Structure formats: structure tokens, C-alpha cells
Amino acid sequence: PDISSHAMLSKVVPLAIGAAAFGRLLRRRSTAAKAAAAAVPPKAPVANRYPHKVQFGFVPGENRGPNPMTPPIERDDDLFWLRDDDRRDPAVLSYLREENAHTESHLLHLKPLVGQLYDEIVGSILQDDDDLEFSWGEWTYFVRTTKGKAYPVVLRNRVEGGNSESNIKGTPVNGGSRKGSSTVVLDVNEIAKNLKYCSIGTFKPSPCHSILAYSVDSNGYETYDVKFKDLETGKAMSDVLVGTSGAVSWGRCSVSMGKQSHRTVFYSTQDDAHRVDKVWMHVLGTDQASDVLMHHEQDELFDAGFGRSADGKFMVIESQSGETNEVRVLRISVDAGEGDDATEVLANLELLNQRRLGHRCYPEHRGDQWFILSNKDAKINFDLYRVRDDAIGDDETWEPVQGIANTRSDDGSAEDASSPVGFPYSERRTLESICAFENFLVLEGRENGFSQIWVLELSKQGAVTKHHRTKWAAENGVVYTATASASLSCVGANQIFDTNKVFVAFSSLTSPKTVYEYDMARGTKTVAKRTPVLGFDDLKYATARLEVTARDGTKIPVSLAWKKVVGDDVKGGQTEDTPPLNSPVLLSGYGSYGVSCDPSFSREDVPLLDRGVVIAVAHVRGGGELGKAWYETHGKYLTKKNTFFDFVDVASCLVEKGYTSADQLAITGRSAGGLLIGASLNLAPELFKCAVAAVPFVDVMVSMCDASIPLTTGEWEEWGNPNEMRFFPYMLSYSPMENIEKNAKYPDTLITSGLFDPRVAYWEGTKYAVRLREACANHDSRILLKTDLDSGHFSASDRYKFFKEKAYEHAFVLDSLGLSGVKASWVK
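Rules used in this analysis
Residues numbered from 1 in each chain as written. Predicted model: local features only at pLDDT ≥ 70, side-chain atom pairs only at ≥ 80, totals over all residues. Heavy atoms only, no water. Pairing = 2+ DSSP bridges. Helix = DSSP H or I, 4+ residues; strand = E, 2+ residues; numbered from the N terminus. Axes fitted to C-alpha atoms, helices over the stretch in contact; angles between N-to-C directions. Buried < 20%, exposed > 50% of the residue type's maximum accessible area, 1.4 Å probe, protein only. Contact = heavy atoms within 4.5 Å. Parallel < 35°, antiparallel > 145°, perpendicular 65-115°, else oblique. Left-handed = near helix turned anticlockwise from the far one by under 90°. Nonpolar A, V, L, I, M, F, W, Y, C, P; charged D, E, K, R; others polar. 1 Å grid on protein atoms, 1.4 Å probe; cavity = no way out; pocket = protein on both sides within 12 Å on 5 of 7 lines; lining within 4 Å. Points joined across faces, edges and corners; volume = space filled by probe spheres on them.

Enquirer: With reference to specific residues and values, describe the sheet that holds strand E20 (residues 350–353).
Expert: The four strands are arranged E17-E18-E19-E20 in an open sheet whose pairing can be described as antiparallel. In the strand order of this sheet, the two ends are held by strand E17 (303–308) and E20, each with one partner. For this sheet, the mean angle separating the axes of adjacent strands, direction not counted, is 25 degrees. Sheet analysis places strand E19 (residues 325–331) next to E20, joined by three bridges and oriented antiparallel. Directly across from Arg328, in E20, lies its bridge partner Leu351.

What follows is the structure, given as C-alpha cells:
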């Protein structure tokens with residue numbers, strides 16, 4: 001027994017020693033396996049493929065436009081299954097999460113840089129800050145942001161002595177919080193407390209300021225609930241209007257016992273395709289089911305809209321498409337009569353202008369006249385007309401505001417003080433919007449490629465006695481009538497009708513937004529509020545405007561901004577005020593809907609400027625920078641490819657002129673700007689080092705053929721209808737999804753989407769990532785998709801989350817340009 005025990009012991013000990021060694025071996029192998037795995041880029045998820053035919057042309061029971069092709073043309077889309085209109089399909093959500101995880105693993109090495117960029121952006125914010133204080137009735141309102149709070153708070157103060165035409169004395173001009181106590185009107189942080197997303201669509205105190213109407217979108221799909229708050233008690237009211245488009249306006253004022261009150265509101269709802277098609281009237285204290293249908297727009301090319309006139313006398317109800325509108329008006333002033341009887345109200349709805357293809361007009365009311373911007377009489381850039389209240393219904397009764405062409409000094413920069421009265425039509429000037437005051441009209445528009453504002457002084461009879469164009473420190477910026485705050489842009493800051501003062505905002509690529517109180521009578525301005533940007537010294541940065549000759553000879557404006565180089569960093573032939581050569585560049589553009597991509601300040605871009613990146617904005621055709629023809633004649637329908645050619649030509653010129661090189665050139669665009677990015681990548685993939693396509697409209701053909709997809713039918717007047725042979729081949733020739741070149745060397749591309757986006761559905765970016773990655777299978781390009789599962793088209797509503805997203809995008813750009821200072825573990 002003793003011998004056998006000893007023998008057993010002699011066997012056990014060596015076995016124990018072997019187990020320890022074996023464990024160490026396993027650990028070494030595990031470490032080696034992890035190291036080997038880390039040396040290989042993460043594998044992208046593989047999307048399932050299911051056969052699916054998409055039909056272009058006539059389909060029984062569907063709206064395919066007036067002239068669909070018969071028989072229809074079929075095309076394959078084996079990724080169609082990624083479309084889930086309800087955003088609940090487990091398989092789709094699982095795939096999106098896989099894509100997000102893949103992107104996170106690919107960019108894990110950038111986590112410290114993302115944090116650093118985020119800290120720089122947030123560090124530039126004066127987090128405890130009160131924005132512009134502006135008068136509204138017998139009150140002044142302002143928006144407050146507080147450190148650690150993601151959303152704004154709206155407060156107000158009663159003006160002693162009643163209505164105040166101007167009150168900027170309490171505004172901390174250079175930032176900070178006001179002294180003293182103010183009454184909280186709406187704390188958006190409280191509303192958002194249990195929400196992952198919270199966007200305020202409208203903020204409208206009743207004209208007597210006793211009730212607040214506001215609307216809330218809780219997921220980013222842009223469907224809002226309208227709620228009401230009693231501002232005298234501070235309590236929520238029982239009325240809630242569900243499923244609205246978000247807009248609200250107060251209706252008729254009633255008088256009881258000598259006291260005015262407002263109990264009627266107007267709002268709108270959407271059809272199944274998310275088209276705003278109905279305008280309703282609601283009386284507080286009644287059920288929503290009993291609301292009066294004021295207008296139902298049944299033509300699927302048109303949307304419905306509404307709003308009060310500036311003088312508060314009329315409700316304006318509009319039907320509009322991309323090219324045509326029709327306007328009706330309803331008198332709602334105190335003298336319009338009592339009661340909210342549906343029959344009476346509908347009978348008082350009057351037609352301002354009849355619907356006529358191609359005619360658009362934008363009215364404002366003052367006195368007993370309507371002043372109207374219109375493109376009638378072939379005036380593509382819009383002229384100013386007027387008509388008396390008793391002569392509306394036919395635009396033939398409108399009369400233009402007479403005058404002779406302005407004279408200017410030799411350099412064309414200033415108007416001659418002796419110029420005769422009147423405001424005549426000018427081919428070089430585009431009028432885009434109109435604001436009415438008791439004695440003035442303020443017109444916003446463009447001249448010589450730059451945004452402008454004109455002030456027209458009116459006589460009691462409505463004649464223009466004199467006018468002037470406002471002047472600013474620099475032309476290459478953007479000027480516009482101010483909103484209450486960037487964090488509550490749905491509220492305009494000009495709420496007083498009988499005033500000589502108007503709040504106007506100015507910004508440029510290197511000038512943070514400054515709001516001025518502009519004296520319309522004297523033509524002078526006073527700083528009312530500067531947006532604080534901590535640590536930013538505008539004297540260290542410069543901006544310029546270049547012109548690039550496109551392939552057809554058209555001159556394309558380009559705005560540039562950069563941090564000045566000094567001392568030994570200045571290269572031959574340069575000065576600190578000229579764009580640096582051989583530099584990394586981030587080029588952006590938009591070029592659709594006639595929307596101008598004006599050069600304005602973005603605090604999120606300052607970290608890029610500080611790292612030597614030049615910010616460039618290409619003002620391509622399809623936008624409105626150089627007038628309506630820049631868009632309507634040269635940048636839509638069958639001339640849409642000019643937009644993409646312009647962008648590529650601008651990029652090529654920046655390289656050819658030595659400002660940058662292909663391995664230092666990044667591009668970015670959002671929404672229709674994402675279409676611009678996708679089309680440009682297909683035209684010249686070798687020209688760019690990386691791209692960010694945010695909520696990109698890239699599945700043009702499949703989206704535009706299907707009227708059940710939100711906003712599709714109205715878009716037929718922008719891109720064309722691919723169900724018609726007139727447009728099918730042309731749209732097919734530029735649609736990013738259909739023109740991806742297999743085995744081409746596409747640059748690193750980050751694609752972002754929002755799950756609840758109703759404007760550009762998440763599945764467009766998802767399908768695009770799969771197809772682009774497939775085309776790059778033989779290359780090492782990073783094609784990454786990041787879908788926010790809690791937001792819509794406009795990204796995060798939480799300001800801190802929004803800044804994190806911008807930091808994430810910028811980190812990707814810097815990394816792709818070789819400026820991140822770090823590398824992924826698999827990069828040698």
C-alpha cells in the first residue's frame with residue numbers, strides 16, 4: 001500500500017506541474033489570437049438578399065403621376081426588405097445594430113479624439129447664457145440655456161407701462177444670465193425628461209398672452225402633439241391635439257366684458273404619406289373630433305399651410321407645390337364679428353389668388369392692403385405688388401410698386417442717396433420673403449450672389465416713399481431677420497407690428513452670429529446680442545470667396561475659411577490673408593430646392609480650423625445663391641446633373657490650384673446634400689480621400705417612384721417623376737445607388753441616418769452602405785453606417801448629444817486625412 005501511494009504521488013506531481021504550464025500556454029495562445037484578430041479589420045455584417053421587383057410606370061391602384069409608362073419597367077432591388085415603415089421589424093433593427101457595432105469597432109481607436117473634439121466644442125459654449133430679449137405684447141421673452149441642461153427654457157418679464165416697441169437693455173450683449181427673477185413660460189427639459197427625443201415645433205402665446213400653445217415631436221418623425229398651458233396659473237390645460245404637423249396659430253379674438261380672449265386655434269394634419277393636407281379650427285374646451293375642417297388639399301402634389309398675418313387681422317391658408325401656390329384669407333380681427341360657427345367661418349374664407357401652374361406668391365397685410373411678392377408676368381426673381389382688400393381674388397388686379405432702377409456708385413456697392421422713390425423690379429435682385437410693419441416692409445433676398453435685406457418705408461396710403469439696402473461689415477456672410485434663439489428657432493424675434501426697430505442677425509464663416517437692433521427709419525444698428533464663443537478670436541481666422549469655372553463655362557462661387565498662418569508656416573507667395581496651399585480641405589455643398597448654402601459660422605467647425613483644415617462651401621447650381629434661374633433653369637429636372645458636375649469641378653479646381661490634393665480632400669453633405677456627395681463619388685471616386693453622407697437621399701429611383709413614401713409626390717416637381725419616360729433615363733443616369741462602379745477605389749465613407757426620419761428614410765443610407773461596401777470589396781476603404789435609433793432627419797434634439805455626433809463625424813474626417821494622431825490596431 002505504501003509503495004502504491006508513493007507511486008501515485010510521483011505521478012500526480014508531474015501532472016500538476018504540466019497543468020500550470022499548459023495554462024500558461026493557453027493564455028499565450030489566447031493573447032496571440034487576440035493580437036492576430038486585432039491586426040485584421042472588423043468584418044462588416046452581411047445583409048440578406050431577397051429577390052424583389054420595383055416597377056416604374058403604371059401600377060393599378062397606385063398614384064404614379066399623370067403620364068406613367070405602360071407597360072412599366074422593372075428593376076431588381078434585393079435589399080428592399082430593409083424598408084420597414086413601422087420601424088419595428090426585429091430583423092431590420094437587429095441588422096442596424098450590427099452595422100452600428102461594426103462602425104463603433106472600426107472607430108474605437110478614435111474614442112479619445114472624439115472626446116477631445118467634444119470637449120473643445122462644449123468648452124466654447126457659455127453654458128449659462130440668456131439669449132436675445134425681445135418684446136411680445138405687454139411682455140418681453142427670452143431663451144435661457146443652463147450648464148448640464150440639454151434643452152432651453154423660455155422665460156418672460158412684464159413690461160412696465162404696457163407694450164414696449166424695444167427692450168434690449170436687459171440682454172447680456174456678450175453673454176451671461178440676467179439679474180433678477182423672470183417667469184418660466186416653458187421648460188423644455190421638463191417636457192423631455194422621459195423622452196429619448198424632444199423637438200418643439202411651435203411656441204405661440206395667445207395674443208393676450210394668457211395661454212401658451214406648443215407642439216412636441218417625441219421621436220423625430222415630425223408628427224406632433226399640440227398642448228396648451230395656462231400662463232396665469234402655470235398649469236397644463238386638458239386640450240391636446242394629437243397627430244398634427246406641429247404648426248399652430250391663434251384665431252379670432254372675442255371680447256367679453258371689455259376683455260379680449262382667444263379660444264380658437266388653427267392647426268394642420270397629415271395624410272398617410274406624411275403630406276400636410278388638412279387645416280383645422282379648434283375651440284379650446286371642445287373635443288378634437290368636433291373641430292372644423294377649414295381646408296382639405298386633395299391634390300397630392302400640394303401641401304397645405306397657414307399662419308396669421310403680421311398685423312393680426314387675417315389667417316392666411318395656403319396650398320403649395322414646388323412650383324405653384326394658391327392662397328385664401330380669413331379675417332380674424334376683433335371687428336370681424338363674433339362666434340366660431342363653422343358655416344359662418346367657412347363662408348368668410350376668401351380667395352386671394354387662383355391656382356395657376358408656375359405662379360407663386362407670398363402675401364403680407366398692412367392697413368387695408370396686401371403687399372405680395374410674386375413671380376407673375378415672367379418675373380422669375382419675384383416683384384413686389386399690392387392690392388386692396390376689396391379687390392382680391394384675381395392677380396390681374398394687383399399693381400406693381402412703381403419706380404425706376406436704382407443708381408449706384410461706381411463700385412456698385414452702395415445706393416445713391418438721391419435715388420427716386422419706389423422699389424422696381426431688378427433682374428439682379430431676388431426677393432424671397434416679406435415682413436410687414438406699421439410703417440415699413442422688410443424684404444429678404446439676394447443680390448450679386450449674397451444674402452441681403454431691404455427696408456421700404458411706407459406712406460399711410462401704402463406708397464413706398466423711400467427704401468434702402470442694409471449694409472454689413474462683409475458681404476460674404478448671411479443676414480436674416482432674427483429668431484429668438486438657435487435653440488428655439490421656431491420663434492421669431494420680431495413680434496411687434498407698430499415699431500421702427502427690427503432684429504436682424506449676421507454671421508459668416510469666421511464671425512459668430514450677432515443680432516442687431518436695426519432702426520428702419522434711420523438705417524442705423526445697435527448690437528443686441530453676440531453669440532459667445534469662448535476662446536475664439538476672429539482676428540486669427542480669415543475668409544474669402546473664389547470663383548471656379550465649371551466644365552460648361554459657368555462661374556461657380558466658393559466660400560473658404562481658414563486659420564491664418566504666420567511666421568515660418570507661411571509658404572512662398574502666401575500671406576496670412578490668402579488661403580493656404582497644400583492643406584487639408586473639408587468641402588461641403590447642397591444645391592437643391594433653390595436653397596442657398598450661405599457661409600455662416602459653426603462652432604463645431606472651429607476644432608477643424610484649429611488643426612489646419614480649410615472649410616470650403618461650394619455654391620453649386622440647384623441652390624438659390626445667384627437667383628431663381630440658378631435653380632429653376634440650371635439645377636433641377638433635366639439639368640440636375642449640373643449640381644454634381646459643379647461640385648466635382650470645384651473640387652478638381654482646388655486640387656489643380658494647389659490649395660489641396662486628392663489625399664487631403666474630404667467632402668460632406670446632408671439630405672439632398674448627401675445626394676450631391678453620392679453622385680460626386682460616382683463621378684470621381686479618386687478625387688476624394690473621405691466623405692460624410694448624412695441622412696443622404698441616395699435611393700432616388702426607388703423612392704421617387706413610390707407615392708406611399710412620405711413627401712414623394714411633392715418631390716416630383718424637384719427631380720422629376722421616374723414613372724414617366726421623360727425623366728426615367730435621366731434620373732437613372734445620376735441616382736447614386738444605381739451608378740456605383742464595381743471595383744472602383746471609393747474613399748472612406750461615413751453614412752449617417754435617423755431611424756424615424758420621414759424625409760429621407762433610414763433604409764436609403766442602409767442600402768447605400770451595403771452596395772458601396774460591396775463595390776469596394778477588393779479595396780480597404782472603410783464604408784461605415786451609423787444609424788441613430790432615437791432620432792429623425794435633424795439629428796439629436798439633445799444639444800450635448802448633437803455635439804457628440806459632430807465630434808464623431810469630425811474625428812472620422814481627421815482620421816481619414818491622417819490627422820488623428822492615432823491608428824487602428826490593424827493599420828501598419
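Enquirer: For the side chain of Arg782, give the residues involved together with the corresponding values.
Expert: Within the secondary structure layout, Arg782 lies in the loop between helix H13 (762–775) and strand E42 (783–788). With a relative accessible area of 11%, Arg782 lands in the buried category. Those residues in contact with Arg782, other than ones at most four positions away along the chain, are His106, Leu107, His109, Pro747, Asp748, Thr749, Phe812, Asp815 and Ser816.

Enquirer: With reference to specific residues and values, describe the packing of helix H8 (residues 641–656) against helix H9 (residues 672–683).
Expert: Taken N-terminus to C-terminus, the directions of H8 and H9 make an angle of 65 degrees; their axes are 9 Å apart at the nearest point. Between H8 and H9, the angle is such that the two are roughly perpendicular. Every pair of crossing elements has a handedness; the one defined by H8 and H9 is right-handed. Contact residues: H8 offers Thr643, Phe644, Phe645, Phe647 and Val648, while H9 offers Leu675, Leu676, Ile677, Ala679, Ser680 and Leu683. Grouping the amino acids of the contact of H8 with H9 by side-chain chemistry returns nine nonpolar, two polar and no charged.

Enquirer: Could you give me a rundown of empty space enclosed by the protein, with the residues and numbers involved?
Expert: Any space left empty among the atoms is revealed by the rolling of a water-sized probe across them. Taken as a whole, this structure holds four cavities of 30 Å³ or more when the rule is applied. Here the second largest cavity defines a volume of roughly 40 Å³. Around the second largest cavity, the lining residues are Leu560, Pro579, Pro580, Val585, Val614, Leu654 and Tyr659. Its residues placed into classes, the lining of the second largest cavity shows seven nonpolar, no polar and no charged.

Enquirer: Which residues make up the sheet that holds strand E22 (residues 369–374), and what values do they have?
Expert: Across the sheet, which stays open at both edges, the four strands sit in the order E21-E22-E23-E24 with antiparallel pairing between neighbours. Two strands close off the open sheet at either side, each with one partner strand: strand E21 (361–366) and strand E24 (399–400). With six bridges connecting them, E22 and strand E23 (residues 383–388) associate as antiparallel partners. Residue pairing in the sheet places Phe371 in a bridge with Arg386 of E23.

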